[in-house]
Structure formats: structure tokens, C-alpha cells
Amino acid sequence: MMDIYQEAVQYLESQHVPVEAEAEADVLEEDVFPEEAVSCLLSPLHSDSVDFPESPTSRSLEEMLERRLVVLRGILESEEVYLRELEALLMPMKALRASAGTSQPVLSSRQVQTVFYQVPELRDLHQSFYSGLKARLSEQTESSPAEEREMGHTGFQLMVGDLFLKMVNQIGLYGGFIENYEEAVKVVRKCMHSDPRFQALAESMMSNNNGADKTRTKYTFEALLYRPLDRVTKTTLVLRDILKTTPAEHGDYASLQEALRLSRSFLSGVNESSQCKREVTLSHGMRRQLMRDGFVVDASEGEHSLRHLFLYTDLLLCTRYKHASRGKPDSYRFCWYLPLAGLKLRWVAEQERSQDTHLRLHAIRAKMYLFRQQLQQHKAGSRGINLAARTRKKLEQMELMLLTHFPSYRLELHSPSDKSHTFLLSSLYELEEWREAIHKLTADNIETVPPDLLTLTSACVKLRMTQQPPLHSLNSVEDEQSLCGTLGVAIHSACGLQQPACVYVCVEVDGYEFCDKQAQTHSSVHSLSPHWDQELSFQVDGARHLRVLCVSQSGGQDDAVLGKASVQLDSKTLNKRWRRQTLQLGEVEVTLSLKYCPHPLEPPSSTAQELPVFCVPIETVAHQEGVLVPHVVRCCVEEVERRGMDEVGIYRISGATSDIGALKAAFNSNLREAVTRLRCAEVNAVSGVLKLFFRELPQPLIPTEMFQRLASTLGIQDINSRLVSLLSLLESCPDPNRHTFLYLLHHLQRVSENQDVNKMSMMNLATVFGPSLLRPPVVELGHNGPTLDISQEVVVQVQVVFWYLQCNNLPEAQTSLQHDTDAEDETTHM
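Residues numbered from 1 in each chain as written. Predicted model: local features only at pLDDT ≥ 70, side-chain atom pairs only at ≥ 80, totals over all residues. Heavy atoms only, no water.

### Thoughts on the pattern of salt bridges
Under the defined criterion, the tally for this structure stands at 25 salt bridges. A salt bridge links Glu87 to Arg123; the nearest nitrogen and oxygen atoms lie 3.3 Å apart. Taken together, the residues span a long stretch of sequence, with Glu87 in helix 3 (residues 61–90) and Arg123 in helix 6 (residues 119–142) at a distance of 36 residues. Lys664 serves as the salt-bridge partner of Glu696, at 3.1 Å between the closest nitrogen and oxygen. With Glu696 in the loop between helix 23 (683–695) and helix 24 (707–713) and Lys664 in helix 21 (residues 657–669), this residue pair connects regions lying 32 residues apart in the sequence. (Salt bridge = Lys/Arg side-chain N within 4 Å of Asp/Glu carboxyl O. Helix = DSSP H or I, 4+ residues; strand = E, 2+ residues; numbered from the N terminus.)

Here it is, written out as C-alpha cells:
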């Protein structure tokens, strides 16, 4: 077997990064200082010496801006060096990961994961920041002196605050790296002593300087692992330097000030963690730790208020965030807390919005759309950076209003002491994350030590992991991979349920909320293997993630999320062809297809409603639903087969006209609501809706032009020849008509199999459905062809359907279109 180390060497050499140490004069040796690395594990990261910058000095404005430019160029050079170090650290990862699956691995899969934990994410974060900063500085150097005079001073046009703010908003990645650092170093040291192959690799890591092979810096593995730790401690200092050289009236000043505040807050939180200050010993030996935090809408006092919620090991703390004014730190004010011991949770979807609420929602979305268009126009111009900042602020305000006043879900909390609180969220996925985190802790019978509320609330600034509300406009740097256009999601089926249930699938997308970002399938029939074949369509702008949840509905009980998964969206891999994949949602597998059509979005419409299905040609209904058999037909058939097969006179005895009318109106406006009503309606009303759908088709299910040919087949004496002729004529029907007819015929055959109980023979069923499914052509003026009287027409209608029901070899109906692509199916396990 080939030596694993040689494989790693070959991989590195293929990437033009030599592994073997060369005795060259141009290779710079860099020592590792073990005491420095060890000290960082034993003592906190020191940020106490870092303060907000003093007032600008008396140097001239031009000098400040020139100095600012020098500082930014220095930061760019430093980022370039840091990126090369991260690339050098990641270089052997692929080979080490490949060797983990062999009989003689250098590192196990778990060790590889430990050693490189969060390093790829840190590399991507800094690569994005570096690319953005380099592009801004390149534009700066390309401006001519005449343009500089025209714009006042070029330093005021150079805006980079959004880049720093975006990077600092993701600085939490370093938290995971820091927590894992000690374990990663232990693995590296252990493997260096036990495996000479790893020792040779770990002592000869190379990094190219400026892409030149002749100027290489040699590191040890441990030295490269220490680089992110060293880097994050300097972030606050770098921000302090750039803010010192930024005039207070500069458009970047507020963003840089916020970035500095967030950076200091992060380092303070790391200090608290390293000093174990975020823990307190509980009565049974556990320690109070912060498990999760985030922004929610509190509805406990009858009003919607944005609050910052903190979940600790033994309690839930709700606070009100107070943003810092200049020169003062951020702070939190106590609102309420609930012990987790005995806490009961219940979630429900918010009630249907009123017409007034829809109009208010539309007005806010229309304003957001307008601000978004203005933001893109400002970015296109050379003078619009300040205008863009103001427009983005307005967009944030609109998003915050949507988040606060138009949530979709309600999570109710009830404690044994009869204290109850309710908070609202816009995302079922986020709600389920909160519910899972709380339920996991309450299941352990946690005992609560009465907290020092003042101390606990004051510590929130340092402990918080979530810095800002989940507003898309806060991600100010656009991602080329995000989606803008129409995203289609076809939900096919699910499997893996532990017991039969009525199940629906909820789909969410992120991005700007000009249109609905959430949609749900209708509830399936009670089954172990539910299927929907239902298409959902989203108008998206800035979408990066798709979230899918499988939810079970049980009669008389609350809905329960069976599983969830998140899928990253990439405009480069999605296109107008359907891409089929299977998602693992816990124990449940959901099969779906995705397609994407990029285009500029139209302004949001205030009348976005589902298209009607009754009194509409069946080809139109099938096309708008993306199926071959309309959902109204399938849902009614499934419901009749679930609880109507033993009903005497099913399809002959009609349901109440009012119930049928209500179900018809529901199917014309909201499929999900219609299916929910269908589940509890009288079964004769369900069968009546199905008959009404076929009766109100503008053109009959069997095309009119086929009437005479079908009537002629009834004269064929040989029964087998007659059936063959009938099936042959059926092939000439349009696809939606043919497959819907076949689907109905198979259903009616199953109904007739139970005729001893329900008294519905094939002839009875043909008598009920024949006049609706087959109609004679209208006699036009001057028509000379043969005509039938009404009694003969009814005989033909009934006999044609009857003989189709007699066929024992009816083709199977295809209910949905095939969502095939050139690529093979992809299974995604989340």
C-alpha cells in the first residue's frame, strides 16, 4: 500500500506548495513560541486596554483621510498574508481526510474534523472581506484628480464600513474555533509524537509570499493553528485605528463604531467564557450556562414588542435591548424570566389575516420594494454611497416593522406557577429550534437556583451570541450566489414515518420579504407514506437558504414537527430545469424538486390569490398546479376512499348544498384551507364536490369531438374488440384529460368492489358520472350530420363510462408531471 504521507506530499506538490524542507536562503524560518500558545489557553484574551477612540486630533481633514487610506492599505496587506496562512493550514486537509478512510490513516475522521474545525469557514469569511476591500481600494486608485476635485475629496467617497460590519457580524465563527483550539492542539501534539508521517508533514508547512515560489515561509502546524487566535485579538485594535482616522461626519463613522462595539463585545464574551463567569453552580452539580439567545416578539402584555431572549441551562430570560448612545455601552433591561422546571410549551399558527391587515402588509412590502430599487440604483452610481446608507436604514426599519407586527407563529410558555408568556416568530424553522432547545433542557428535570436578576441581566451584553435582529438588509454586501427571480419547489412525497399520520410540508426561504417567504402543502391523507406532488412558487430576492419542515397533524392534538432541514441555495447550480433531491429530516425523508428562473422582480401585488379551479378548463388547472390530475380530484378521491367506501349510496346521495358551496369556494381560494375543511366535512359533501367539479368543466373531461366515435364503438358486438377500441380512442385525449379520467375510473372500480355494502354497482356509478364526463356536440345551424335525441344521448353517456369501468386492463394514471433532469437524483442528508 502506498504510504499515506507520500499521498499528502503529492497532493501538496500538485498545488505548487512543496512539503519537504529545503535548505534555501530564501526560505524564512518562523519559530513557534509554545509559551505564547499555552498562555492563551490559561488566560483570557485581553481587550481591557482597548477603548473607543478619542476625538479626532487637530490634524487637517486631508491628512486624516490620507492616513485613513494608508491604514486601509495596511489592513489589505495584512489580510492577504493571513489568507495565505489559512490556505497553507488547509492545504493538507483533503489528503488527510482521504487517508482517514484507509486501513492506515494518518488521522481519524474525527481528528481531522477537530484539527480543522471552523478553519474553512474562517477562510471564506476573510476571503469575502479581502475581495470586497480590494475592489473598493482599486476603485479609489483609479479615480482621476479631476474626479477627486469634482467630488470634494476622494476619501469621503471611499466607503468600507459595511465590509467591516459584515465581517464582525460573523465573528462568532471564531468563538467555535477558540473553544475547539485546545483540543485541536492536543491532537496535533499527540499525533506528532505517535506518527512520524504526520510529524514530517506538521513540521514543514509552506506558505507562498505574493504567489512567488522563491519566497516561501515555512511554518509548523501548531504555528498556523495559532494564527486565527492571534488574528481575532487584533480585530478590535484594527477597527480602533481605522476609526481614529475617520472623521465623525464621514459616512463610514457610524458603521465602524458599531463594528468596534460588536468586536469588543465578542472579546468580552470570550473573556467571560475563559474565566467561567458565565456559569453558576446549580443544586445538582450542573452549572448555569447560556445555551441560546435571539430576538423574538413578546406578546405577553397584549402588544408586540421586540425582545432579546436568553435561554440558560435552568431558566428563560427576556430582556429589552437598549442601544448605546455615543460614549456609552449597550445595556439590557429585565422584562421577565421563567424557570425551565416543569415548563410546558405549545405552538400554533397565527389566525388568518384580515383584509385590513393584508392591505397594511402590502403597503409595507411596496415601500420595501421601492427602497430596494433605490438601493440598487445608488450602488450603480459613483456618488450614491451616502444615499445608499440612508436608503438601507429605511429598508431596515420596514423589515423591523414586518418582523414585529406580522409574525406567523405563536409559542406559548406555561409554568407550574401559573405564569404564562407568549412570543411570536415569523419562521416555523426558528420556532422549532427554540422549542427543541427548551424541551431538551426541561426534559432533564432541571432545578432552578433563584438568579440574581440584576447581575444576570447586566451580563447579557457580554454573554450574547446574537448581535442583531434577523434582518436581511443588515447583510449589506450582496452575494452573487443569492437568488433573485422565481424559485419553484415541487414537494413529491415522504417516507420513514413511525406511524400513520396526516402530514404537510412547510417550506421557507430567506431574502427580502416583498412577497410571501413561506408556503405549505395541503395535509396528506392518513398514511405511512404521504404524497403531495404539489408545486410551490416563491418570488425571491437575495435568497440563500431553503428550509423544509415536515409537520404531523393529529385529530384533537397540536401539530408536531417531525423533522427539519436547511438547504443552501446557489444560483450557479440551479436553473430552469427541475433538480430532484431527497432531504433527510430527522427520521423522515422528503423528496422534492427545485428549479430557478432568474429575472428582476415585479412590484408586489395586493391581490396575490390562488387561481380558481372550478369552471376552468382542466388543462388550465393542471398547468397552473404543475400536475396531470388536479388536486381537487385527488384530495376528494383520497377522502372518499378513507371514510366513504362503506357509505350507502355514495355518489348517489348528495350532501348539503351549503357544505358543497363552502368547499368549492375554499378550493377556489386556498388549497390548504380547502383540504383542512375536507377532512371534517360530511363524506357526501366531499363526493358532491367531486361531481360538481366535473359537471362545471367548460369542456367535458372526454372531449366533445370524441362523442360520435365512442358511440360507434358501442355497436361492436365482440366485447374484447369493443374494449380495445375504447382504450385506443382514449389515447387521443390530451394528457390531463386522459390521466384524470383513468384516475377516476380506477377509483370508481374500487368503490364498486364494495357494492354489497354501499349499493353502488358499476352501472349505478356510470349513471351518476356519465352525463358529466361525456357530452354530445352542440348542433350548429346548417348541421347535416346524424343527431341523437336526449334519451339516446344519456344511454351513450352511461354505456361508454360503464364499458370503461368493465376494463380489467386499464392503464395506470400518472398524477403528476415528471420532474426529471440530466443529472442523477441527489440525496442530501442534513
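### Looking at unusual backbone geometry
Backbone geometry places Asp418, a non-glycine residue, at a positive phi of 70°. The topology assignment puts Asp418 in the loop between strand 9 (409–414) and strand 10 (420–425). Judged by relative accessible area, which is 73%, Asp418 ranks as exposed. A positive phi angle, near 65°, is found at Cys615, a position not held by glycine. Along the chain, Cys615 falls in the loop between strand 18 (588–598) and helix 19 (618–625). (Buried < 20%, exposed > 50% of the residue type's maximum accessible area, 1.4 Å probe, protein only.)

### Topic: the nonpolar core
Among soluble globular proteins, nonpolar side chains are generally buried collectively. Judged by nonpolar contacts, the single largest core of 67 residues is most densely connected at Val633, Tyr651, Phe667, Phe694, Leu710 and Tyr804. Discounting chain neighbours no more than four positions away, the residues touching Leu710 are Ile702, Leu726, Leu729, Leu774, Val800 and Tyr804. Counting residues in each nonpolar core, the second largest holds 38 residues, with Leu89, Leu90, Phe177 and Val232 among its members. (Core = buried A, V, L, I, M, F, W, Y, C linked by side-chain atoms within 4.5 Å. Contact = heavy atoms within 4.5 Å.)

### Some thoughts on helix 16 (residues 428–442)
The terminal C-alpha atoms of helix 16, which comprises 15 residues, lie 20 Å apart, in line with the 21 Å expected from a rise of 1.5 Å per residue. Among all positions in helix 16, only Leu428, Tyr429, Glu430, Leu431, Glu432, Trp434, Ile438, Leu441 and Thr442 are buried. Between a side-chain oxygen at the N-terminus of helix 16 and the backbone nitrogen of Tyr429 the separation is 3.2 Å; the capping residue is Ser427. (Expected span 1.5 Å × (residues − 1). Polar contact = N/O pair within 3.5 Å; in protein donor to acceptor, adjacent residues only side chain to side chain.)

### Observations regarding the sheet that holds strand 9
Spatially, seven strands are ordered 7-6-5-4-10-9-8 in an open sheet, and the strand pairing comes out antiparallel. Among the strands making up the open sheet, the edge pair consists of strand 7 (331–339) and strand 8 (344–349). Averaged over all adjacent pairs, the angle separating strand axes in this sheet is 35°, with direction ignored. Where strand 6 (residues 315–322) and strand 7 come together, eight bridges link them in antiparallel fashion. Among the inter-strand pairings, Leu316 is bridged to a residue of strand 7, identified as Leu338. Where helix 16 meets the sheet, it contacts strand 4 (290–298), strand 5 (305–312), strand 6, strand 8, strand 9 and strand 10, and its direction lies at approximately 135° from that of strand 4. (Pairing = 2+ DSSP bridges. Axes fitted to C-alpha atoms, helices over the stretch in contact; angles between N-to-C directions.)

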